[in-house]
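# Residue-level structure breakdown
This is what each chain is made of:
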Amino acid sequence: MHTLIDRTTLRALLEHARPQRRTILCGGLLVLLSGLAAAALPLAAKELVDRLGAGGGITGLLVLLVGLALAGAVIAMAGNYLLERAAESVVLGARKRLARRLLSLRVPEFQRAEPGDLLSRFTGDTTLLREVCTHALVGLITGTATTVVMVVMMGTMDLVLLGITLAVLAVVGLLALAGMPMIEKSSHAAQSAVGETGARLERVLGAFGTVKAAGAEAREIAAVEHGAREAWRAGVRSARWEALVHGVNGLAVQASFLAVLGVGGARVATGAIPLSTLVAFLLFLFFLEEPIGQVLHAGSKLQIGFAAVRRLREVEQMRTEPVGTGGSVAARPAERGGGRLSFSDVRFRYGPDLPEVLRGVSVEVPASGMTAFVGPSGAGKSTLFALIERFHEPDSGRIRLDGRDLADWDLVGLRAGIGYVEQDAPMLSGSLRENLVYGRPDATDEEVRDVVARTRLDSLVDRLPAGLDTPVGHCGGSLSGGERQRVALARALVSLPRVLLLDEITSQLDAANEMAIRDVVTTAAKTMTVLVVAHRLSTVTQADRIVVLDSGTVRAVGTHDELVASDPLYAEFAATQLLTGERGG
Ligand SMILES: Nc1ncnc2c1ncn2[C@@H]1O[C@H](COP(=O)(O)OP(=O)(O)OP(=O)(O)O)[C@@H](O)[C@H]1O
């Protein structure tokens, strides 16, 4: 149910405008002053007609009139500039707030949202606040004030004519009140449709190759067009209501103008009022169209703003967590060496309606050496890593690092001590060097060069046109899947973690590179705790211990030789070399 003004939304809107309140107040006062200067014009005109009638001089009055008009224009310009400036600052403030919010979102919240839709709130909805927080708010106040002042002045001239005017204007008010909530509703629908279409487009662009290969361009174009059309339809609905509200204003002023002309003319004829009063009254009516229009315009813009604020508030209500400090020295743990991890009876599901993914996992991971996790696809290996990073919290059970529950660690400090290489090894926009030092921007050139050599990236660096400074941004740019995996490992190594989580990082490497990376990881395991999700037998046989996961439980733990002898599932995997493949039938 949409009411004209929802208090919470109004409060949220004012919250956006609050930091700019001084500038808005100054700008608003200037705009009000210019409005009052305009309101004084009919009075001066009345005086002029009276003097002409009495045969008096009007030069001084004419100079005053010109002065009033000029001063009004200059004051209006200054006021509008201040309001425009404040409007830009409101958008900046909203974008800063939203950017911080988006980057602070907890992982499950982010996974539930559509990145494209979140983006549309950053680009589209913040822009809508621009006019609303300043011009509309000020327009509402100054328009109302100017209207009240003019109505009072008209009342002092002739109450009969004022009564006619107010009766006509009351009709406008009622129609406007009926139209406003519809503007808000349609505007929200339009913005939501833009968000959904943006989300779809984002998914399509993210899988560009797949879309092309499937020949699905026409289908996707149609879907995006459909979404755009939905937004258009809602936008047109809003425009219709806006046009109606504004059109009614013009009509009402003209109607009251004609009514006042008729009744006023009769009153002049009977001598009830002088001609100058009628002229001034008609001028007031003429000028009244602007402040009333201002109020109506502000009202409809506010409705659009409410829709935007509601969408921004939806993001603000999503759960957040402390933000990382960019791998600064202060955030890095003082302890060095590996970290002892223990899982006791950990249970976890991704959502209340989803099946349990981890069903009582208990396992100890000592502080040094390499521990490999193997098991069928969907067994919960990556989920275990996500829980170590505290992307999600277990539903029950405990995960401890060095004997301390992960929940008791400072989140930023905890993550600063963990290096995580995701399965799809994403690249970030920027140069290769920026990608490598992403987790630790203060790494020295020597450290970077050392890691580049260890991860066999030196031939890549030699080949790139600007070496380490070559942009490799979007989707890894020119990098192959195997190169991206090595860059991701190098990035994790540069950040000097205590615990290194590697999720299938050799899946796209050729034999030579895989062997080299295996050596790097084996060496790293001497100084830090290394956990790998592995799908190649060669990686696993190097591990100090292997944890076999199956359907969210630990099936067996041991060395390769022990497990081949004791665990039929592992033996089957080892025989086929498909350590994380689907289980045989
Ligand atoms: N964000 C998520 N929301 C809902 N379910 C999820 C999510 N991520 C994973 N799952 C489900 O949880 C289960 C375990 O997934 P997980 O990625 O941990 O398995 P895995 O053992 O790493 O598999 P693979 O070897 O194929 O990578 C799977 O059934 C998967 O579909």
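Keep in mind that this is a model prediction, so the values were computed, not measured. (Residues numbered from 1 in each chain as written. Predicted model: local features only at pLDDT ≥ 70, side-chain atom pairs only at ≥ 80, totals over all residues.)

### With respect to the domain arrangement of the protein chain
Interfaces are often described in size by the accessible area the parts lose on coming together. Rule in force here: What marks off one domain from the next here is an automatic or database domain assignment.
On domain assignment, one finds that the protein chain holds domain 1 (7-316), domain 2 (333-417 + 500-510 + 517-585) and domain 3 (425-496). Averaged C-alpha coordinates put domain 1 and domain 2 at centres separated by 59 Å.

### Topic: the UniProt feature "domain: ABC transmembrane type-1" (unreviewed entry) in the protein chain
Rule in force here: UniProt positions are given in the numbering used here, feature names are shortened, and annotations may be inferred rather than shown by experiment. Each helix corresponds to a stretch of at least 4 residues labelled H or I by DSSP, and each strand to a stretch of at least 2 residues labelled E; elements are numbered beginning at the N terminus.
On the UniProt side, "domain: ABC transmembrane type-1" (unreviewed entry) is annotated at positions that read residues 27-303 here. In residues 27-303, the share of helix is 94% and the share of strand is 0%. The end C-alpha atoms are 22 Å apart.

### Side note on the environment of S382
Structurally, the position occupied by S382 is in helix α10 (residues 381-388). In sequence terms S382 and Q111 are 271 residues apart; their C-alpha atoms lie 15 Å from each other.

### Thoughts on the site of the ligand
Just so we agree on the cut-off: We count a residue as near a molecule or strand when its backbone-placed C-beta atom lies within 6 Å of that partner. In the scheme used here, Gly and all other residues not listed as nonpolar or charged are polar, with Ala, Val, Leu, Ile, Met, Phe, Trp, Tyr, Cys and Pro taken as nonpolar and Asp, Glu, Lys and Arg as charged.
Taken together, 13 residues are adjacent to the ligand, and Y350, S377, K381, S382 and T383 come closest. Top element by residues in the shell around the ligand is α10. It accounts for 3 residues. Broken down by class, the residue content of the shell around the ligand amounts to 4 nonpolar, 8 polar and 1 charged.

### Let's talk about helix α9 (residues 275-316)
For clarity, the cut-off: How far a helix is expected to stretch is found by multiplying one less than its residue total by 1.5 Å. Note that bend, as reported per residue, equals the angle between axes fitted to the 7 residues terminating at that residue and the 7 residues originating from it.
Here α9 spans 60 Å end to end across 42 residues, near enough to the 62 Å set by a 1.5 Å rise per residue. Helix geometry: α9 is bent most strongly at F287, by close to 30°, with proline P291 lying one to four residues after it.

### Focus on the sheet that holds strand β1 (residues 341-349)
The criterion, for reference: Strand pairing is assigned whenever DSSP identifies at least 2 bridges connecting the two strands.
What the 4 strands build is an open sheet, ordered β2-β1-β4-β5; its pairing is antiparallel. For this open sheet the edge positions go to β2 (356-365) and β5 (404-405), each flanked by a neighbour on one side alone. The pairing of β1 with strand β4 (residues 396-401) spans 5 bridges and is antiparallel. Paired with R347 across the two strands is S396, which belongs to β4.

### Some points on the sheet that holds strand β6 (residues 418-421)
So the rule is basically this: Where helices are involved, their axes are fitted lines through C-alpha atoms of the stretch in contact, as for all axes, and angles between N-to-C directions lie from 0 to 180°. Note on contacts: residues are paired as contacts if their backbone-placed C-beta atoms lie within 7 Å.
Spatially, β6-β7-β8-β3-β9-β10 is the arrangement adopted by the 6 strands of the open sheet, whose pairing is mixed. Strand pairing shows two members of the sheet lacking a second neighbour, β6 and β10 (553-558), which therefore form its edges. Averaged over neighbouring strand pairs, the angle between their axes works out to 15° when direction is ignored. Relative to strand β8 (residues 529-533), strand β3 (residues 369-374) runs parallel, the two sharing 5 bridges. For A372, the partnering residue across the bridge sits in β8 and is V532. α10 contacts β3, β6, β7 (499-503), β8 and β9 (545-550) of the sheet and is inclined by roughly 150° relative to β7. Where helix α19 (residues 568-576) meets the sheet, it contacts β3, β9 and β10, and its direction lies at approximately 105° from that of β9.

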